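Okay, here's what each chain looks like letter by letter:
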Amino acid sequence: MSASRRSGATDELGPDEPERDGPTDEDTDDIENTEGTEDTEGAIGFGGSHLLAALLDGMDAALCAFDADGVVTHWNREAERILGWTTDEAVGRRGFVGWAVRTADAEEVEGRLMAAMHAPGRQVHEFALVTKDGGRVLVRTQSAAVLGPDGKPAGLYCAFSEVHAQIDLERSIALSEALFEDASWGVVLVDADLRPAVVNAHAARALGIGRTTVLGRPLGELLAQGVEEVESALTHVLSEGAPPAPAEIWVSVRTSDGEKRRCWRSGFLRLASPLAEEPVPLGVGWLFQDVTESKQTEQEASLLRFRVNQLHRAARAAAECEDPGEAATVHLDFALAGFADHALIDRVAGGSLADGEGPARLVRAAATPSGAPGPSHLAGHAGIPARYGPGHPALQCVERAGSVRAGAGSTAPEAARDWATGRQWPPDTVHALCAVLRSRGRTLGVVTFLRGPGRAPFERVDAVYAEDVAVHIAAALDLEALERSSE
């Protein structure tokens, strides 16, 4: 009984049958038991049908249903979009024969569909269906039985989609699974808060941490250096979209052996929800590949080309100098570019030193300004030896007749300043490289290159370059000595 009828209202069917003798106890009980629940049941029934219709029409897949006799009972909006037949045109037809399949295919299609009513689980088939305008479309169907209250098949439902759309979906899923399992480059999905949400195995190995451990942690806890560059790139992608080309980002990764400097060639993609009407950013897809070795090789080759070019330019410029001492300073100035902050030349007192002779005394011959940058200048005309104490790197260089590298180490700035001034170098020196000056089998002196705290320590490849420069400087100083002896 509806609420309107309890209040005495009538509808199209007329009023309720009058109660001649008044309500009986049975009638009263019925009223008491149903009052307050009939509206709810009606509302549920009314809302349930609308909810079912909304769910069917909102599905991404086409869906139709058949009763036990094969008559179409449901037909949603996606099925109408794919085939063109409206709900009114489809519901009530028996099977697909005569309208949605060709006559030649009707028996096979209907047999497969109806067989799903008595088969366990879902049955997957591919059919060629006919559209309303006469075209054909290949669809992939999933059919399953619908059981009645008695547990017996009462019909079946059939969900279908165009095969190419299904294949595209399967490709997307397969690609996602491959990226997160077998990809040879790192893949990280970062949420809108710039925290990793999904990490593949390659990326986890590159970060030196487990795949589950990395999830939800700030990038600052995963990278020792380069966090600012990565976060800046991710923020840009979230706001502006993917960059047009990959970016090379240098980072430092914490490992059991300490921090390791790595170069990752990175590509970024903004991820948006496909379910929203307007693009809603879900985060950023970050794909990267470790190119440290190739990048280092490229940098080393570029550095070698530059240094060879500097040696060539210095030789041509020195060839135009009438004074061999000036030619030595020309070689020194060209060598400083991109290599060191300061440099100086110390000559052996007396001109040269044969192998096995010693101890050596060194006299300052040329030096670069210790303040503002500028060309080196000749010095040491008075011939006063430099105040180098025992164990000084320049003296070790003469004694060994080979290159010597020295550094202040990871000390406090005050200690580093004392270390430099104690060796008669500019106070901002923290790295030094001494190369011996040899000519005609004799030691002529030492050339020393100095770097400040903003530069990396000298390496073996730097020592090789310094030795090449020292050969040219030694030849110029030897020529200068010969000219003086001939006067």
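Residue indices follow the written sequence of each chain, beginning from 1 at its first position. With pLDDT at 70 or above as the cut-off, local features in this predicted model cover only qualifying residues; side-chain atom pairs require 80 or more to be listed or tallied, and sums for whole chains, interfaces and linings still use all residues. Side-chain numbers here rest on the full set of heavy atoms in the structure, without hydrogens or water.

Colleague: Describe the layout of surface pockets, with residues and values.
Modeller: Space inside the largest pocket adds up to approximately 570 Å³. Here a cavity is any set of points on a 1 Å grid over the protein atoms alone where a 1.4 Å probe fits but cannot get out, and a pocket is any open set with protein on both sides within 12 Å along at least 5 of 7 lines; a residue lines the site when it has an atom within 4 Å of a point. Taken together, 21 residues line the largest pocket, and the ones lying closest to its centre are Leu-303, Arg-307, Glu-459, Val-461 and Asp-462. Numbered from the N terminus, helices here are DSSP runs of H or I no shorter than four residues, and strands are runs of E no shorter than two. When residues of the lining of the largest pocket are traced back to their parent elements, those giving at least two are α10 (292-318) and α14 (460-486). Of all the elements, α10 adds the most residues to the lining of the largest pocket, at eight residues. Tallied by class, residues from the lining of the largest pocket come to ten nonpolar, four polar and seven charged. Grid points are joined across faces, edges and corners, and a volume is the space filled by probe spheres set on the points. Residues were grouped as follows: Ala, Val, Leu, Ile, Met, Phe, Trp, Tyr, Cys and Pro as nonpolar; Asp, Glu, Lys and Arg as charged; and all remaining residues, including Gly, as polar.

Colleague: Let's hear about the confidence of the model for the protein chain: which residues, and what values?
Modeller: Residue-level confidence of the predictor is summarised by pLDDT, bounded by 0 at the bottom and 100 at the top. This prediction gives the protein chain a mean pLDDT of 83; 86% of its residues lie at or above 70. Taking the mean pLDDT of every element in the protein chain, the minimum, 36, falls on helix α1 (residues 3-6) and the maximum, 95, on strand β16 (residues 431-439).

Colleague: Residues and numbers for the packing of aromatic side chains, please.
Modeller: Aromatic ring pairs: the centre-centre distance and the angle between the two ring planes describe each pair. Stacked, edge-to-face and tilted labels apply to pairs of Phe, Tyr and Trp rings (six-membered ring for Trp) whose centres lie within 6.5 Å, assigned for plane angles under 30 degrees, over 60, and everything in between, in that order. For the coordinates displayed, the defined rule picks out 13 aromatic pairs. Between Trp-85 and Trp-99, the ring centres sit 5.4 Å apart and the planes meet at 85°, which makes this aromatic pair edge-to-face. With Trp-85 in the loop between α4 (77-83) and α5 (87-90) and Trp-99 in the loop between α5 and α6 (103-115), this residue pair connects regions lying 14 residues apart in the sequence. Ring-pair connections join several aromatic residues into one group, and the members of that group are Phe-66, Trp-75, Trp-85, Phe-96, Trp-99 and Phe-160. Here, a charge over a ring is recorded when the distance from Lys NZ or Arg CZ to the ring centre is within 6 Å and its angle to the ring normal is within 35 degrees. Above the face of the Phe-339 ring, Arg-451 is positioned so that its terminal group lies 5.4 Å from the ring centre. It is Arg-451 that lies over the ring of Phe-458; its NZ or CZ is 4.0 Å from the centre.

Colleague: Provide a residue-level description of empty space enclosed by the protein, including the pertinent values.
Modeller: Per the counting criterion, the structure on display carries two cavities of 30 Å³ or more. Considered as a void within the structure, the largest cavity measures approximately 60 Å³ in volume. Along the walls of the largest cavity sit Phe-66, Gly-70, Gly-95, Phe-96, Glu-110, Leu-113 and Met-114, which together make up its complete lining. In the lining of the largest cavity, the residues fall into four nonpolar, two polar and one charged. Taken as a whole, the second largest cavity spans an internal volume of roughly 50 Å³. Lining the second largest cavity, in full, are Val-188, Pro-196, Leu-207, Val-214, Leu-219, Leu-222, Leu-223 and Trp-286.

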